[in-house]
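Understanding the architecture of this molecule
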Amino acid sequence: MKALFKPGPQAGFEFVERPEPEAGPADVKIRVLATGICGTDLHLQSWDATAQSMSAAPLIPGHEFYGEVVEVGEDVRDVRPGDRVSGEGHIVCGVCRNCRAGRRQMCIHVSSVGVQRDGAFAEYVVIPETNVWVHHDPSVTPELGAIFDPFGNATHTALSFPLVGEDVLITGAGPIGLMAISIARHAGARKIAITDVSRRRLELAREMGADLAVDVSNMSVREAQRELGMREGFDVGFEMSGRPAALQGMIENMNHGGRIALLGLPAQAAEIDWGKVVTHMLTLKGIYGREMFETWYAMSAMLSSNPVLHRNVAAVVTDVLPASRWEEGFAIARSGSGGKVVLDWSGV
């Protein structure tokens, strides 16, 4: 099969022939139709310190995907050949304290598809049946199905705290931040402001329904509050950028008792005003991946019941390229100027 492959611990990928993966008794083999390019994949391509700390080569990367089931193991009960599916990329041990308590997203022995084991930048991928999400909604296209993983990140983050009537600040208008706008609106948020420095991403945010898209290179969050007519700070914050300055600014502009969900992974340590966190009684909650599988049910329910949210989440995909043009796709994703980049594997 054709696959993107990292043969060793160095920068770059190769588009080469690799052996097809084999399905074990409890596994499902999937013909990959579309894959999303994630920030993790960019780290793996560069083979920077972040990649080296979490992965090892040789490896087929890729963990955001949509495809068709072509084979199931003898112990598989509910997934069938022909099913159209996405996959939960965190494969858990099932026996640690958190797994046994039903908190699988907190497994201490998790193995990630495309990071610690071969992934979906290939014609075929194999994952356990327990990690397969079958799409029963025909409106889920391959491109939309390919971004269920980051859509899940946005959903997990945005639904961490009650949002009815709340004023929400999102820092970082990348694909996940953009999707969080529609989720927050669906969940009842009053005012939604989002920050970035990319003109195109801020324009996308306005199209998604943000009340204010703030270019922080020429407007402060405090000024944004005044423009929105807010008399107090933001009630809920989603930190999606991973930039220390964004988190610092968010903490400065939260109402007393405000709650912050942090998804963005900082490349360096962030200096936090812990005195303000304490005296303003702020709650900071780290978010990683998706709740398995409550987040997945919420995603599918929102898409099937809210046409505006469905349209907006699908519109986060701004570039679709054949898998053979993967280098061009990675360059677009690395530029950080638009939405989600998806590679089409159907013609490989």
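Scroll up a little and you will see the structure.
Residues numbered from 1 in each chain as written. Predicted model: local features only at pLDDT ≥ 70, side-chain atom pairs only at ≥ 80, totals over all residues. Heavy atoms only, no water.

1. Considering helix α1 (residues 39–46)
Along α1, the residues that are buried comprise D41, L42, L44 and Q45. Each buried residue of α1 sits inside an arc of 160 degrees when the element is viewed along its axis, so together they form one side. The secondary structure elements touched by the buried residues of α1 are β3 (27–36), α2 (49–54) and α13 (326–335). Downstream of α1 by a residue or two, W47 has a phi angle that is positive, lying close to 55 degrees. (Buried < 20%, exposed > 50% of the residue type's maximum accessible area, 1.4 Å probe, protein only. Helix = DSSP H or I, 4+ residues; strand = E, 2+ residues; numbered from the N terminus. Arc of directions from axis to C-beta. Contact = heavy atoms within 4.5 Å.)

2. Considerations on the sheet that holds strand β10 (residues 168–171)
Strand pairing in a sheet takes place through backbone hydrogen bonds and is either antiparallel or parallel in direction. Strand order in the open sheet formed by six strands is β12-β11-β10-β13-β14-β15, with parallel pairing between adjacent strands. On the outer flanks of this sheet lie β12 (212–215) and β15 (283–286), each paired with one strand and no other. Between one strand axis and the next, the sheet turns through 20 degrees on average, direction left out of account. Where strand β11 (residues 192–196) lies against β12, four bridges are found, and the strand directions are parallel. (Pairing = 2+ DSSP bridges. Axes fitted to C-alpha atoms, helices over the stretch in contact; angles between N-to-C directions.)

3. So, the environment of L265
Mapped onto the fold, L265 is located in the loop between β14 (254–262) and α10 (274–279). Classification of L265 by relative accessible area gives exposed; the value is 71%. Taking C-alpha positions, L265 is 28 Å from P142, a pair spaced 123 residues apart along the chain.

4. Considering unusual backbone geometry
Along the chain, A57 connects to P58 via a cis peptide bond; the corresponding omega equals 10 degrees. Looking at the element boundaries, P58 is found in the loop between α2 and β4 (64–72). Geometrically, the link from M292 to F293 is a cis peptide bond, its omega value of 5 degrees lying close to zero. Among the structural elements, F293 can be located in the loop between β15 and α11 (294–305). Of note, W47 is a non-glycine position whose phi angle comes to about 55 degrees, a positive value.

Keep in mind these numbers describe shape, not what the thing actually does.
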